[in-house]
Amino acid sequence: MAAMDANSSYDRMKELKEFDESKMGVKGLSDSGITSIPRFFVHPPETLSDFKNSSSTCTNIPIIDLSGIINSKDADHRLKIVEQVKEAAKTWGFFQVINHGVPISVLDETIHAIKAFHDQPHEVKAKYYKRENELGGVMYTSNNDLYRAKSAAWHDSLQAWMGPEPLKVADLPEICRNEVVAWDKSAKEVAETVMELLCEGLGLEAGKFKELTFLDARVLVGHCYPYCPQPDLTVGITSHTDPGVITVLLQNHVPGLQVKHGNEWVNVKPLPGGLIINAGDFLQIISNGEYKSVQHRVLANSSKEARISIVIFFNLAKWKGDGYHGPLPELLSPEKPAIYRNFTRQEFFENFYSKGIDTKSLIEKIKIKN
């Protein structure tokens, strides 16, 4: 197989740069009709064997119906939902919410708009293609960590920082501009509801996370996973945990997302009208381990139809003091001492942007060793 041929003269960095500077992304490669993928997309045997051996007896992640708490005064029913969210965040780190208050038409329009952006000729998308300034503005790229990761993954992304500083709407691509702005507003409302339930599950006031600015720093990422001619040699996105507080994910009907539960990988079935919520490393730390961030990944797409997912990562905007954070003091006691030390804003960002995406690396660094 051409992609796997041993070749001592192979110049990986040269190939990476040629691909990057073409600005065509994997969508461009896929559309060109290639039958084998470039070598820098090929993952090592140990990674690929884990994909081949992944099977699960679980059929899906927990599904939580929010219909009874949107504008409801039923305290008993709310308590029941709080318990469901708490249990899901503790044992799975992932759950789907339905009847969340966002019309299905808005979900469909958002997916259609992000797909329309990625379906444009790469010459049109190229003006947004860049790698500098990952921490602000709008950028389109293939693999944010292309030069940091050991192997590339089969996806392209449109990224827009929606907060804490308001994005200049005119900077967004016109083809998806209105839908991105509308989705940011809707997803933030869902995130606020979920954060209130997570707070109550910890015994905190419902508005505690909002007060701590956990809704304010937001980055929206519209992923496209186009058809891959050799899906058994690469991945859609490498196994990782999210670094922030929570993530809200909207996806089309093309499957591919897998979540690790225990020692098994669970296929997440796209649920019409559903939104996926997952806990990030930051939430695990500030909850002192009560809530868990969990590994997840996306398979390379073997379907001729592209998988589209739109994620919004929520994180805090205002750090404590001169820029640090750690487990919330309200959750600590002699019986439940801190299991993580405080960490700085600089540590948080350097940990994420100094390497490829990975699993719980910050959590492992700041864990207090007994």
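What you are looking at is a predicted structure, and each value in this text was computed from that prediction instead of being measured.

## Some remarks on the UniProt feature "domain: Fe2OG dioxygenase" (unreviewed entry) in the chain
UniProt feature "domain: Fe2OG dioxygenase" (unreviewed entry): in the numbering of this structure it lies at residues 213–316. Between the C-alpha atoms that bound residues 213–316 there is a distance of 5 Å. The span itself is 6% helix and 46% strand.

## So, the sheet that holds strand β1 (residues 63–65)
A sheet is described by the order of its strands in space; here 8 strands give the open sequence β1-β2-β10-β7-β12-β5-β4-β3, paired in mixed fashion. The two strands at the open ends of the sheet, each matched to only one other strand, are β1 and β3 (138–141). Between one strand axis and the next, the sheet turns through 20° on average, direction left out of account. Direction of pairing for strand β5 (residues 217–225) relative to strand β12 (residues 307–315): antiparallel, over a ladder of 9 bridges.

## Looking at unusual backbone geometry
The linkage connecting G163 with the following residue, P164, adopts the cis geometry, with an omega of 10°. Assignment of secondary structure puts P164 in the loop between β4 (156–163) and α7 (177–201). Despite not being glycine, N99 shows a phi value in the positive range, around 50°. Looking at the secondary structure, you find N99 in the loop between β2 (94–98) and α5 (104–119).

## A word on the environment of F352
Position of F352 relative to the elements: it lies in helix α10 (residues 345–353). Each C-alpha atom of the pair F352 and E15 lies 25 Å from the other, and the pair is 337 residues apart in sequence. In this structure F352 touches P243 and I357, once residues within four positions along its chain are discounted.

## Focus on α10
Turning to α10, its buried residues number three or more, namely F348, F349 and N351. Angular distribution of buried residues about the axis of α10 spans 160°; they occupy a single face of the element. Next to the buried residues of α10 lie α9 (281–286), β12, β14 (343–344) and α11 (361–366).

## Re the pairing of strand β8 (residues 257–261)
The pairing of β8 with strand β11 (residues 296–299) spans 3 bridges and is antiparallel. If you follow V259 over to β11, its bridge partner there is H296. Between β8 and strand β9 (residues 264–267), which follow one another and run antiparallel, lie 2 residues, and G262 among them has a positive phi close to 65°.

## Quick word on α7
End to end, α7 covers 36 Å across 25 residues, agreeing with the expected 36 Å (1.5 Å per residue, within 8%). The first or second residue beyond α7 is G203, which carries a positive phi of 85°.

## Some remarks on empty space enclosed by the protein
Enumeration over the complete set of coordinates arrives at 2 cavities of 30 Å³ or more. Taken as a whole, the largest cavity holds about 110 Å³ of empty space. If you trace the largest cavity, you find it lined by H240, T241, P243, D281, F348, N351, F352, K355, I357, D358, S361 and L362. Mapped onto the lining of the largest cavity, the elements with two or more residues apiece are α10 and α11. Counting residues per element, the lining of the largest cavity draws most heavily on α10, at 3 residues. The residue inventory of the lining of the largest cavity, partitioned by class, reads 5 nonpolar, 4 polar and 3 charged. The calculated volume of the second largest cavity comes to roughly 30 Å³. Lining the second largest cavity, in full, are A89, G93, F94, F95, L198, I246, I277, N278, A279 and L283. Contributing elements (two or more residues each) for the lining of the second largest cavity: β2 and β10 (275–279).

## Examining the nonpolar core
Counting residues in hydrophobic clusters, the biggest one holds 72 residues, and the most contacted among them are W183, L198, F209, F214, I246, F282 and L283. Looking at which element gives the most residues to this core, the answer is α7, with 10 residues. Ignoring any residue separated from it by four or fewer positions in sequence, one finds F282 in contact with F214, P243, G244, V245, N315, L316, W319, H325, F343 and F348.

## Some points on the side chain of H223
With respect to the element layout, H223 can be found in strand β5. Of the residues examined, H223 reaches a relative accessible area of 10% and is grouped as buried. In terms of polar contacts, H223 uses its side chain to reach the side chain of S157, at 2.7 Å. Dropping the residues within four chain positions of it, H223 is found in contact with H118, H155, D156, S157, I237, R307, I308, S309 and V311.

## As for the packing of helix α4 (residues 75–91) against α7
Put simply, α4 and α7 touch, their axes get as near as 8 Å, and they point 85° apart. Taken together, the axes of α4 and α7 lie roughly perpendicular to each other. Seen from α4, the contacting residues are R78, I81, V82, V85, K86 and A89; seen from α7, they are E196, L197, L198, E200 and G201. Looking at the contact of α4 with α7, its residues break down into 6 nonpolar, 1 polar and 4 charged.

Basis of the calculations
- Residues numbered from 1 in each chain as written.
- Predicted model: local features only at pLDDT ≥ 70, side-chain atom pairs only at ≥ 80, totals over all residues.
- Heavy atoms only, no water.
- UniProt positions renumbered as here; feature names shortened; annotations may be inferred.
- Helix = DSSP H or I, 4+ residues; strand = E, 2+ residues; numbered from the N terminus.
- Pairing = 2+ DSSP bridges.
- Axes fitted to C-alpha atoms, helices over the stretch in contact; angles between N-to-C directions.
- Contact = heavy atoms within 4.5 Å.
- Buried < 20%, exposed > 50% of the residue type's maximum accessible area, 1.4 Å probe, protein only.
- Arc of directions from axis to C-beta.
- Expected span 1.5 Å × (residues − 1).
- 1 Å grid on protein atoms, 1.4 Å probe; cavity = no way out; pocket = protein on both sides within 12 Å on 5 of 7 lines; lining within 4 Å.
- Points joined across faces, edges and corners; volume = space filled by probe spheres on them.
- Nonpolar A, V, L, I, M, F, W, Y, C, P; charged D, E, K, R; others polar.
- Core = buried A, V, L, I, M, F, W, Y, C linked by side-chain atoms within 4.5 Å.
- Polar contact = N/O pair within 3.5 Å; in protein donor to acceptor, adjacent residues only side chain to side chain.
- Parallel < 35°, antiparallel > 145°, perpendicular 65-115°, else oblique.

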